[in-house]
Amino acid sequence: MGACCHKSGKVVEHSSSQDMGHRQSQSSDENSKKQRKETGRPSATSSSSVAVHVEDKPVVSQAGSASTANTAGQPPTTTTSQSSPPPSSPPSAAVPPSIPYSPHPSSDPSEPPLPKLVDLRPDVKLLLIGDVAQVKCSLKAKTISIYISACLDSELERSVLMERVFPKLQRHCNEQGYELQFVDLHWGQRSEDMDDHTLSEYSMYELKECQKKSLGPNFLSFLNQKYNCQCPSQIMASAFEKLQASLTDSSDKQLMDEWYRRDDNNLPPMYVLQPVSSQIRKYKDTNKDVRLKAEAEWNCIQQRIIKILVNAWSPQEQERYLNSIMDLEISEGPLNSDSPTDTVMLNSRVFKDIKSHTGDTSIRCYIDTTGDNNEIDENMQMRLDQLRNQLGSKINEGNNLKFDISWSKNGVDPEGISEHAQYIDSLCSQSEAMLKTLIDKTVCDVQTVEDETPVKKIHERLYSELQQHSQHCQQLCQTFQGRQDLLSKVESYLSGDANHPLIMHGHTGCGKTALMAKSAALCCKALGDCACIVRFVGATVETYSLGQLLRSICEQVAYLYGHHISVGSKGADKLRKELPKILKKVQAKRPLVMIIDGIDEIKSCDYNELDWIPKSLPPHVKMILSTSSDNFPGFKSLKSHLTDSSCFLEVPKMSSKEANTMCESILKSKLRTVSAGQRKTLQDAINQCPLPLYVQLATHIASQWHSYNISNETVLASNLRDEISSYITHLEKRFGVNTVKHSLSYLTVAKHGLSDTEMLDLLSCDDLLLDEYFVYRRLAVRRAPTILWTQIKKELAPFLTEHIVHGRSLRTWSHRAFTDAVCQRYLSSKNQKAKFHEYLADYFLGRWAGNKKKPCMSNEEGIEVLMDRHIQPQPVKFDKLYNSRKLDELPYHVFHSGDHKRFINDYIWNVNWMCNKLDGTDVSQMLDDVALARRAEPNNADLDMLQKVLQLSAYALYCDGTQLFAQFHTRLQSALEGKDSQQYPMMRKICKLTENPPIPNFLPSGESLLEIVDLGEDCDRQAEESSLKTNPKAILNGMYRMKGSKNHMVSISTNKGQIKVWDFETQTAVRTLIGIDKPRDIRMIDDYRVVVLCNRELKIYNLDTGTFETTLKGIMNLQMPYYGIQDEDHVVALARNRMYVNIINISSGEVEATFKVGEDRFLNSLLVSENGERCVCGDETQKPSPLLVWDLNARKLIHDFRIAQHEFKPEMSAISKDGNYVVSVIKELGDPSPNFVIVYDLQSGQLFKKWKPVSNTCCVAVSSEGECIVNGCEDNTILVWNLSSGALKHTLRGHTHPVNRIYMNENGQRCLTYDTNQLDRSVRLWDLQHGVCLATFTPDVPITCCQINAEGDIAVIGLEGHENVITLRLRTPESGPIADIKSQYGDPSRRAEVFDMQK
């Protein structure tokens, strides 16, 4: 696409001959034309456009938020943004809605309009309104999970990769915010793992998990020369009986009958291969030699069975039943899925001369042989070749590694043969490179998808929260059975007139959670256009404590009903009291249902303080809560709080019919049934305990029964607690007492659960467990095999749940009954529980990570040896990303291990840790830690004050945890003044640090934040009443840099008719001009004179003398009063009718020259370069809309820029101070999104650069001095581009909502960003050269205006309700003492004078 440029000579009136085809019809309505000229609003026949003030400095936006200020009266060479022109009336002080959408009309004129959700992304809208039945949940953990398919012949190679490659790749993933898991069920196998022939089941389970969860590569095969065929674990009854009928050798029949038994509980019936130990009793013998002999016996029997089947079956039957586990994995994995080719990898090693060494007995480990003579099994080799060819077709060439090496009688022998050592080195280097490439591609692809997905327009934390609860709700609804009578009562409550909460209660395991989920799904159906807030306590981190739960709920309410989300950050104590008030804002247009499951599971909750549950609900609000009534100490308090018995609905045990229906449904889903005798046992047990959880557990156990099991093998306990205990005993017998005990204990004491990688790391450090697991075998790598944890988690899968925490998928118990059972069984004493907390603390400290060898006992010699466990390191940061799991879990486990002193010293008063925790997790996590510390030291005044300060700063610290020192400085100063110096020693240390903080921070001046004035019960009330004095009428709505002074700024207050000159070093007004007619904007002419937009007139004032000088001729356009400064003698202004640009003499006030665009052509923007040489305007009439550029010195049009099929968005344009470049946002015709950024060289008139950011642009700025272009985007990012090359230099992240103001300092190396809509209430200072945030500040009330000083180390802001400015000074560890700068403005004798302009 090219740009055209039309030039003409010096003109007074611009020729209109070029736009004949684009102008309005001559018959257009004259009244409409008049309206366009006067108000700037287009008629029905013209295009509409929202325009921004010249220099991007409107005083106040239409939304009522403060506008940006001018930079030293300069044109928009430094800042430009999308906004509305200054309105004719000052803004209101109302808090803006949290969703910037068109308001939903209210049915009640007295009610404020609701946020209109229609403009939201469809999935976000469904999540916000809680339509759980319709929402599509797509949230996935940032996990790359690779399943490793292999035979035992590659164990050495996989061990080496485990030592040398996998840890480096895992660290690489951690540095990019991903978790990398390698799932190798074939490494570390014991004979016990093969005893019951269930390895294939575990393989299929893990394989599907990897394919489902991995965002990138998911399958790595080691396909060498051994097929390793296994006896089929199951054979269809019809096929087996046909086989038996075909056998002529009675010994063969007898062998098959001994090893296979018919199981009619399978659907369809199967013959099941019996456990090896059931026929060969010595298979699990404790004597090693006896055990090896038994294993050899089984190998002979297995080969004989395979031979029988090969001889009797057709090729088709052999292919169906006679497989290796590796073949099953490949067939059910990459060959049976639509996985992209770059998700599959193959490593293949071939001994090129192995077939000539059949005399070596060791070849059996590396190639399939038959008979005692080690003859090569060509049939297996043929199947292997076929499998290799099939897999090869699914693999990219770069993912297929092939190695040929010479045979050695020791197999792969890197220590003895140099060729093999080179092979191992090559395998490691090539595998690392291959995997790293695929990982990097995954990260890039995921980021691309995220970039191309429309923005959410709600906070990421809330989006994740709603996704997880919706997904949890959907999963529960899928298995819901019966309970129609209870659902009818719930539906009656929802549609009825009751104004009280509904409390559903019952015994643990009675099905309350599933009933709550089903109730949530009914809400939209029962109430139509309602909103439903659904929370399952314990299902996510945000429901861990009462404070987090209420915050999450209030944030969703804020988006639904027009509050600012900061309403949710007031802490549990205040939210308990304010939630009922917040709910009063709910309107009939959008009724609200709140469903909270499991209030008895809220951690650290005082069950005597239930005032957050309203006794009487506001109109249009329903609330359904659930709790256990048999295991909840607060249930009695709840009944005392809600005295109306109609508030309570008991959830009884299931009826026999419902229980049996549920039982049959579970069995059917598992393709299982039970025999008549077993069914009676199962039904009798269920009748004794018809709780849904018991039915689920009992049926899960019964599904593992075989029809041939004897009666004492099919026993069930009579109650839930005993059945859980019995089931754990069963697991201990299968997998080992210590293996089960330690695995379940780790899972139970973890704060939020554990990922699979974390669990395996923990088990790898647990020598008691490893010694039990590897009694008869010592591996080269001292590490827990994957299968150890897989076996347990698969068996417990129905009773575990997963949630995403900091991007990682963590497992924990889905039912409190299992938590209680494990605690009672393994963690009943304080010391037992403390021990496991200590193990977890050691893990998150990284005690045995990073090549640190942990001592253990050698099996053979019985001496202590040191072995590396290859544990993932646990730094505070992985490169630039925080290790949030460590920050979250470590203090919790140190405290519960009993080391309270260490906990308080290292994780409460350690300021560096506090900074990292606040920045890397969430302020609520830090508050949880402080609450623990207060339990240990309940009378510690320092801890009380710390909790108060953190709570007051909660919203700010959520926006950016690094502003800790900025928040603490102001809040603590007055609290500590006048107190005994011995009081609050720890808080005094922190306060002292704020002036020279260990990380860059703003140091605020003045009363910018609520202060801690007292630590009594009325602290919050006193703080609000006395520590932050505000004036509702006071508002500074524009801030401007001055030309002649680096220590002064100018502010305007439209509603008070004031202009003030501020010494921002001392925050004092050195000049005040009052009585000005609605000052809306100013431009600096020189050091003292300014042009002020007063209502619709331009007036000249001298700020030093406080005098009015003249009024410039002409009335400005009502909606587009654009103007700029050419030089000290001339102002450039858009005419009232928007068809002219006037150059006005400042001294005389007369128009000296006029640029006329043409008849019926209307300009919609005006930019003037700081040097006064260039003027740029947008033309809204012609299509595609052009940008017009005038040479102000020559007073002629020099460029008419147009791009075919595109139109400029002049409201998002900027011009460099030297007038050499103009940057503008453009959009394609027909596309409403402003999606391209272009740069024109105004000297040559050529299109200089054009690019498309990944997200739509909200504002732009340009600096020739800084050689950069900056644009704010809808996805909350800020992009920094190189002006010369057009290359993207930095992507700046941190804002929670899009910014629409960018203020750059004098040299263009720093900028200040800000959102005038006040959805993000923070200002951020950025280093544009290095792409880092230098400091952030989030006050307690909205910012109305802000500006950066020329040097870029000070920000000056105005706050809602404040008459004085606040100075934010950048402080770093290197900052020296704050200098006492005494600067003069103008005549010193007039300092602090007030001038009344009406006198």
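Residues numbered from 1 in each chain as written. Predicted model: local features only at pLDDT ≥ 70, side-chain atom pairs only at ≥ 80, totals over all residues. Heavy atoms only, no water.

Draft legend 1. Layout of the pattern of salt bridges. Under the counting rule described, the total for this entry stands at 81 salt bridges. Residues participating in the shared-partner salt-bridge network are Glu206, Glu209, Lys213, Asp756, Lys793, Glu802 and Arg811. (Salt bridge = Lys/Arg side-chain N within 4 Å of Asp/Glu carboxyl O.)

Draft legend 2. Representation of the packing of helix α22 (residues 692-702) against helix α23 (residues 720-735) within the structure. Where α22 contacts α23, the axes come no closer than 10 Å and their chain directions differ by 30 degrees. Viewed along their axes, α22 and α23 adopt a mutual orientation that is roughly parallel. Considering how the two elements wind past one another, α22 and α23 form a crossing that is left-handed. Between α22 and α23, the contacting residues are Leu693, Tyr694, Leu697, His700 and Ile701 on the first element and Leu720, Glu723, Ile724 and Tyr727 on the second. (Axes fitted to C-alpha atoms, helices over the stretch in contact; angles between N-to-C directions. Helix = DSSP H or I, 4+ residues; strand = E, 2+ residues; numbered from the N terminus. Parallel < 35°, antiparallel > 145°, perpendicular 65-115°, else oblique. Left-handed = near helix turned anticlockwise from the far one by under 90°. Contact = heavy atoms within 4.5 Å.)

Draft legend 3. Structural view of empty space enclosed by the protein. Tallied over the entire structure, the rule returns 8 cavities of 30 Å³ or more. Lining the largest cavity are 25 residues, and of these Gln170, Phe182, Leu760, Arg783 and Thr786 lie nearest its centre. Broken down by class, the residue content of the lining of the largest cavity amounts to 11 nonpolar, 7 polar and 7 charged. (1 Å grid on protein atoms, 1.4 Å probe; cavity = no way out; pocket = protein on both sides within 12 Å on 5 of 7 lines; lining within 4 Å. Points joined across faces, edges and corners; volume = space filled by probe spheres on them. Nonpolar A, V, L, I, M, F, W, Y, C, P; charged D, E, K, R; others polar.)

Draft legend 4. Inspection of the packing of helix α17 (residues 546-561) against helix α18 (residues 572-583) at higher detail. Relative to each other, α17 and α18 sit at 35 degrees, their axes nearing to 9 Å. The element α17 and its partner α18 pack so that their crossing is left-handed. For the pair formed by α17 and α18, the contact residues are Leu546, Gly547, Leu550, Arg551, Ile553, Cys554 and Val557 on the first element and Ala572, Leu575, Arg576, Leu579 and Ile582 on the second. By residue class, the composition of the contact of α17 with α18 is 9 nonpolar, 1 polar and 2 charged.

Draft legend 5. Highlighting the side chain of Thr757. Among the secondary structure elements, Thr757 is positioned in helix α25 (residues 756-764). Beyond its immediate chain neighbours, meaning those up to four positions away, Thr757 contacts Gln170, Glu179, Leu180, Gln181 and Gln872.

Draft legend 6. Up close: unusual backbone geometry. The residue after Leu267, namely Pro268, is reached through a cis peptide bond having omega 0 degrees. In this model, Lys1183 is joined to Pro1184 through a cis peptide bond whose omega is -5 degrees. On the secondary structure map, Pro1184 appears in the loop between β40 (1174-1178) and β41 (1187-1191). One non-glycine residue, His197, lies in positive phi territory at about 60 degrees.

Draft legend 7. Highlighting the confidence of the model for the chain. The predicted model of the chain has a mean per-residue pLDDT of 87, with 90% of residues at 70 or higher. By mean pLDDT, strand β1 (residues 3-4) is the weakest element of the chain at 39, and strand β53 (residues 1323-1327) is the strongest at 98. Confidence drops under pLDDT 50 across residues 1-106; counting only partners more than four residues distant or on other chains, this segment forms 351 contacts. Here residues 1014-1027 scores under 50 on pLDDT; set against residues more than four positions off or in separate chains, the count is 26 contacts. (pLDDT = per-residue confidence, 0-100.)

Draft legend 8. Representation of the pairing of strand β57 (residues 1366-1371) in the model. Burial within β57 is extensive, with 6 of its 6 residues counted as buried. Note: strand β26 (residues 1001-1004) against β57, 4 bridges, orientation antiparallel. Considered in β57, the bridge of Pro1004 is made with Leu1368. Two strands pair when backbone bridges link them, and strand β56 (residues 1354-1359) and β57 are joined in this way by 4 bridges, in the antiparallel orientation. Across the sheet, residue Ile1357 finds its bridge partner in β57, namely Ile1366. Following β56, the chain reverses through 6 residues before pairing antiparallel with β57; Gly1361 in that reversal takes a positive phi of roughly 85 degrees. (Buried < 20%, exposed > 50% of the residue type's maximum accessible area, 1.4 Å probe, protein only. Pairing = 2+ DSSP bridges.)

Draft legend 9. Structural view of the nonpolar core. Membership of the largest hydrophobic core comes to 280 residues, with the highest contact counts inside it found for Leu128, Trp259, Tyr260, Trp612, Ile908, Phe968 and Met987. Counting residues in hydrophobic clusters, the runner-up holds 21 residues, among them Tyr1303, Val1323, Leu1334 and Phe1337. (Core = buried A, V, L, I, M, F, W, Y, C linked by side-chain atoms within 4.5 Å.)

Draft legend 10. Region of the structure containing the sheet that holds strand β52 (residues 1310-1314). Spatially, β51-β52-β53-β54 is the arrangement adopted by the 4 strands of the open sheet, whose pairing is antiparallel. Only two strands of the sheet have a single partner each, and these edge strands are β51 (1301-1304) and β54 (1332-1337). Averaged over all pairs of adjacent strands, the angle between strand axes in this sheet comes to 25 degrees, irrespective of strand direction. The pairing of β53 with β54 spans 5 bridges and is classified as antiparallel.

Draft legend 11. View of the packing of aromatic side chains. Overall, the coordinates contain 26 aromatic pairs when judged by the stated rule. Seen in terms of ring centroids, Phe799 and Phe818 are 4.8 Å apart; in terms of plane orientation they differ by 25 degrees. Their pairing is stacked. Residue Phe799 is found in the loop between α27 (786-795) and β20 (800-805), and its partner Phe818 is found in helix α28 (residues 816-826); the two are separated by 19 residues along the sequence. When sorted by exposure, Phe799 lands in the same class as Phe818, which is buried. (Phe/Tyr/Trp six-rings, centres within 6.5 Å; stacked < 30°, edge-to-face > 60°.)

Draft legend 12. Structural detail: the sheet that holds strand β55 (residues 1343-1348). Ordered by their spatial adjacency, 4 strands build an open sheet running β26-β57-β56-β55, and the pairing between neighbours is antiparallel. The open sheet has two edge strands, β26 and β55, and neither has a second partner. Here the average twist between neighbouring strands, direction ignored, is 30 degrees.

Draft legend 13. Here's a closer look at helix α20 (residues 656-669). In a regular helix each residue adds 1.5 Å, so 14 residues correspond to 20 Å; α20 covers 20 Å between its end C-alpha atoms and thus fits that length. Those residues of α20 that fall on the buried side of the exposure criterion are Glu658, Ala659, Met662, Cys663, Ile666 and Leu667. At its buried positions, α20 is contacted by α15 (484-495), α21 (676-688) and α22. Downstream of α20 by a residue or two, Leu671 has a phi angle that is positive, lying close to 55 degrees. (Expected span 1.5 Å × (residues − 1).)

Draft legend 14. Spotlight on a negative patch on the surface. Together, Asp1087, Asp1127, Glu1128 and Asp1129 make up a region of like negative charge exposed at the surface. Counting through the fold element by element, Asp1127 comes out in strand β35 (residues 1123-1127). Given the relative accessible area of 30%, Asp1127 is considered partly exposed. (Patch = residues over 30% accessible without salt bridge, like charges linked within 9 Å, V, L, I, M, F, W, Y side chains within 5 Å. Areas by Shrake-Rupley, 256 points an atom, 1.4 Å probe, with all protein chains shown as cover. Lys, Arg positive; Asp, Glu negative; His and termini not counted. Charge placed at Lys NZ, Arg CZ, Asp CG, Glu CD.)

Draft legend 15. Representation of the side chain of Thr1072 in the model. In this structure, Thr1072 sits in strand β30 (residues 1068-1074). Assessed through its relative accessible area of 8%, Thr1072 is described here as buried. Beyond its immediate stretch of four places on either side in the chain, Thr1072 contacts Ile1059, Lys1060, Glu1393, Val1394 and Phe1395.

Draft legend 16. Inspection of the pairing of β20 at higher detail. In terms of burial, β20 is largely enclosed, as 5 of its 6 residues are buried. Sheet topology places β20 next to strand β21 (residues 808-813); 6 bridges connect them, and they run antiparallel. The partner of Ile804 across the bridge, within β21, is Ser809. With antiparallel pairing between neighbouring strands as the criterion, β20 and β21 make up a hairpin whose turn holds 2 residues, including His806 at a positive phi of roughly 55 degrees.

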